[in-house]
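# Coordinates in review
Now for the letters of each chain:
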Amino acid sequence: MKGDAGSELHTKKSKQEGHIWGSMRRTVFILGSGLLLSMAFWNSVTWHLQRFWGASGYFWQAQWERLLSNFEGKEWILFIIGAALVPGLFFWAFNGLLLVVDTTGKPTFISRYRIQLGRNDPVDSVKLHQAIRTVLFNQYMISLPTVVFLYPFLKWWGDPCRRELPTFHWFLLELAIFTLIEEVLFYYSHRLLHHPTFYKRIHKQHHEWTAPIGVISLYAHPIEHVASNMLPATVGPLLMGSHLSSITVWFSLALIITSISHCGYHLPFLPSPEFHDYHHLKFNQCYGVLGVLDHLHGTDTMFKQTKAYERHILLLGFTPLSESIPNSPKKME
C-alpha cells in the first residue's frame, strides 16, 4: 500500500513538474517569438526610415551642403533659422488651425472632440488676445535671444552646423535621450512651481486657463518659460552636442506635442491630451509629460480613478471618446 501510494505521489509530482516545465517552455517560446518579431519589425521600420533619411545619392546631405555654402561665414544665421524660426513656424501653423476652431466652433468635425464640454465654446477673445501677446513675448523676446546666446557655446562644444548629417539611428538615440531628460527636468521644475512660494508669483499665470487651448502651452511667466519650458528641451541637445538638423526636428516636435497636450481636443490618431488637460482642471495631479515620474511619485492616483484616465488612449476611430466613454452622471443632491 505504501509502495503504491509512494508511486502515485511520484507520478503526480512528475506530471506537475512536466506541466511546469511545459508552461515555462511555452512562455519562453511566446516571449522569444514576440521579441524576434518585434526586432524584425523594428529593424524593418528603421531600415525604411534610414533609407528615407539618407535617400538615394545622399540627397539630404547634398541639400545640407548646399545650405552651408549659401550661409558660408554666416552659419549663426542658419542656426537661428533652424533652432528658432522653423520650430516657431510649425507652432503657429498648428495652433493657427486650432485657433480657428477655438474662436468659431467650426469645423464641427474637430470641435466635437472637445475634452471639457461646454468650455471655451467659443474662447474668450479678451483672454485669448492677452495670451497671444504673452506667447509672442516669450518666443521673440526670451527664446530667440537665448538661442542667439547659446550658439557660441554649441559651436565650441560640437558645432551644430558641421558638414556631416547624423545617421538616422543616431538621431533616434538622441530623440530618446532628449525625451527622458525633458521628462525628468519638466516634472521636477513643474512640481517645484506648484510650491506655494512659486505658484502664486509665477505659475498661477499659466493656470488661469483651467480648460487649456493649444496656444497657451507657451503662456507663462518669463521665469517659468525659461526654467520649465526652455530648459528641459534644450539640455539634451546641449549635452549631446547635437547637429542643427536634430535640434530643428526636436524643437519642432516638442512644440507640437506641448500644443497637443494643451489643445483641449482629443483628436483621432494624435497623442492623448487627457493627462495634461486633467492637470489644468485639478492642479495637483499629472505634473509630467510621459507620466512615468507621476506613476513613481504617486501624483496620478486621483487621475487613475477618473473617466479621463479611461479616455487616456490613442483614439483610432472617429467616435469622440466623450461619447464612447462618457462622464458618470452627477448624483442629485
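A few points on the structure. Each chain has its residues counted from 1, running along the sequence as written. In view of the model being predicted, local features appear only for residues whose pLDDT reaches at least 70, and side-chain atom pairs are presented and counted only at 80 or more, with totals across whole chains, interfaces and linings using the full set of residues. With hydrogens and water set aside, each side-chain value is computed from the structure's full complement of heavy atoms.

Runs of E in the DSSP output that reach at least two residues are strands. Runs of H or I that reach at least four are helices, and both are numbered from the N terminus. Scanning the protein chain for helices and strands turns up 13 helices and zero strands. Starting at the N terminus and ending at the C terminus, the protein chain contains elements arranged as α-α-α-α-α-α-α-α-α-α-α-α-α. To sort residues, take the accessible area from a 1.4 Å probe on protein chains only and compare it with the maximum for the residue type: under 20% means buried, over 50% means exposed, and anything in between is partly exposed. Counting every position in the protein chain, which comprises 333 residues, the buried fraction comes to 41%. Any two residues having at least one pair of non-hydrogen atoms within 4.5 Å are treated as being in contact. A separation threshold of at least 6 residues defines the contact pool for the protein chain, and within that pool the share at least 24 residues apart is 72%. Accessible surface is estimated by sampling points in the Shrake-Rupley manner with a 1.4 Å probe; for residues, cover comes only from the protein chains shown. Roughly 19700 Å² of accessible area belongs to the protein chain as shown, and the carbon and sulfur atoms make up 68% of that amount.

Each aromatic pair joins two rings of Phe, Tyr and Trp (for Trp, the six-membered one) with centres within 6.5 Å, and gets the label stacked for planes under 30 degrees apart, edge-to-face for over 60, and tilted for any other angle. For the coordinates displayed, the defined rule picks out 13 aromatic pairs. Summarising the aromatic geometry, the rings of Trp-156 and Trp-157 are spaced 5.9 Å apart at their centres and angled 40° between planes, so their arrangement reads as tilted. Relative to Phe-303, the ring of Phe-275 lies with its centre 5.5 Å away and its plane at 90°, an arrangement referred to as edge-to-face. Here Phe-275, found in helix 10 (residues 274-282), pairs with Phe-303, found in the loop between helix 11 (292-297) and helix 12 (307-310); they are 28 residues apart in sequence, far enough to count as distant. The exposure class assigned to Phe-275 is buried, which follows from its relative accessible area of 7%.

Right, let's talk about the environment of Pro-273 for a bit. Within the secondary structure layout, Pro-273 lies in the loop between helix 9 (244-262) and helix 10. You can call Pro-273 buried: its relative accessible area is 1%. Here the alpha-carbon distance between Pro-273 and Ala-308, two residues 35 residues apart in the chain, equals 9.8 Å. Contacts of Pro-273, omitting those with residues within four sequence positions, involve Ile-115, Ile-260, Ser-261, Cys-263, Tyr-265 and His-266.

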